[in-house]
Amino acid sequence: MNLSARTEYACTAVLELALRYEAGRPVQVRRIAEMHEIPAQFLVQILLQLKAAGLVASTRGAAGGYRLAVPPEQLSLRDVIRVIEGTADSPPEQR
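Source: prediction; values computed, not measured.

1. Regarding the environment of glutamate 73
As for its position among the elements, glutamate 73 is in the loop between strand E2 (65-68) and helix H4 (77-85). Looking at glutamate 73, the relative accessible area reads 57%, which means it is exposed. Glutamate 73 sits 55 residues away from alanine 18 along the chain, and the two C-alpha atoms are 8.9 Å apart.

Printed below as a string of structure tokens:
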């Protein structure tokens, strides 16, 4: 399966947020972008798309950033791919 750069970056960002889920603190876009060499402005667009789908949530301010909106065990990369590739009309699978 060939994934677009957008989808690959979205999956990478969600995996990063999943790794940090238990800490309960949002992760700054800049940090994810630098760690994974993703253009920050492109990552912001991707995260906004994931936010609109209810997969991530954001916190504003100096200590703000993004975090998963659902526990990692309730989210699959398939859900992320559906949102990014434009097939988000079906809800995330229930586990």
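2. Comments concerning the pairing of strand E1 (residues 56-59)
The pairing of E1 with E2 spans 4 bridges and is antiparallel. Residue pairing across strands places serine 58 opposite tyrosine 66, the latter belonging to E2. Where E1 folds back on E2, the antiparallel hairpin that results is connected by 5 residues, among which glycine 61 adopts a positive phi of roughly 105°.

3. Brief notes about the nonpolar core
Grouped together as the largest cluster of nonpolar side chains are 23 residues, with contacts concentrated most on Leu17, Leu43, Leu47, Leu50, Val80 and Ile84. A total of 5 residues in this core trace back to one element, the largest contributor, which is helix H1 (residues 5-19). Not counting residues within four places of it along the chain, the set of residues in contact with leucine 50 comprises Ala10, Val14, Leu55, Val56, Val80, Val83 and Ile84.

4. Remarks on the packing of H1 against H4
Contact geometry of H1 with H4 gives a least axis separation of 9 Å together with a crossing angle of 140°. Between H1 and H4, the angle is such that the two are oblique. The element H1 and its partner H4 pack so that their crossing is right-handed. Touching Arg6, Thr7, Ala10, Cys11, Val14 and Leu15 of H1 are Leu77, Val80, Ile81, Ile84 and Glu85, all from H4. By residue class, the composition of the contact of H1 with H4 is 8 nonpolar, 1 polar and 2 charged.

5. Some points on H4
Among the residues of H4, those classed as buried are Asp79, Val80, Ile81, Val83 and Ile84. Looking at the buried side of H4, the elements it contacts are H1 and helix H3 (40-52). Just downstream of H4, glycine 86 is the residue with a positive phi angle, here 95°.

6. Observations regarding the side chain of glutamate 16
Within the element layout of this structure, glutamate 16 appears in helix H1. Once residues within four sequence positions are removed from consideration, glutamate 16 is found in contact with Ile32, Met35 and His36.

Conventions used here
- Residue indices follow the written sequence of each chain, beginning from 1 at its first position.
- Given that this is a predicted model, residues contribute local features only at a pLDDT of at least 70 and side-chain atom pairs are listed and counted only at 80 or more, while totals for whole chains, interfaces and linings are drawn from all residues.
- Hydrogens and water are ignored here; the side-chain numbers use all heavy atoms of the structure.
- Only DSSP runs of H or I reaching four residues or more are called helices, and only runs of E reaching two or more are called strands; each is numbered from the N terminus.
- Relative accessible area decides the class of each residue, using a 1.4 Å probe on protein chains only: under 20% of the type maximum gives buried, over 50% gives exposed, and in between gives partly exposed.
- One requirement defines pairing of two strands: DSSP has to find at least two bridges between them.
- Grouping buried Ala, Val, Leu, Ile, Met, Phe, Trp, Tyr and Cys residues that are joined through side-chain atoms within 4.5 Å yields what is termed a nonpolar core.
- Contacts are assigned to residue pairs with any non-hydrogen atoms lying within 4.5 Å of each other.
- Angles shown run from 0 to 180 degrees and are taken between the N-to-C directions of axes, each axis being a line fitted to C-alpha atoms and, for helices, limited to the stretch in contact.
- Orientation is classified from the angle alone, with under 35 degrees giving roughly parallel, over 145 giving roughly antiparallel, 65 to 115 giving roughly perpendicular, and any other angle giving oblique.
- If you view the pair so one helix is near and one far, a crossing is left-handed when the near helix is turned anticlockwise from the far one by less than a right angle, and right-handed when it is turned clockwise.
- Polar here means any residue outside two lists: the nonpolar Ala, Val, Leu, Ile, Met, Phe, Trp, Tyr, Cys and Pro, and the charged Asp, Glu, Lys and Arg; Gly therefore counts as polar.

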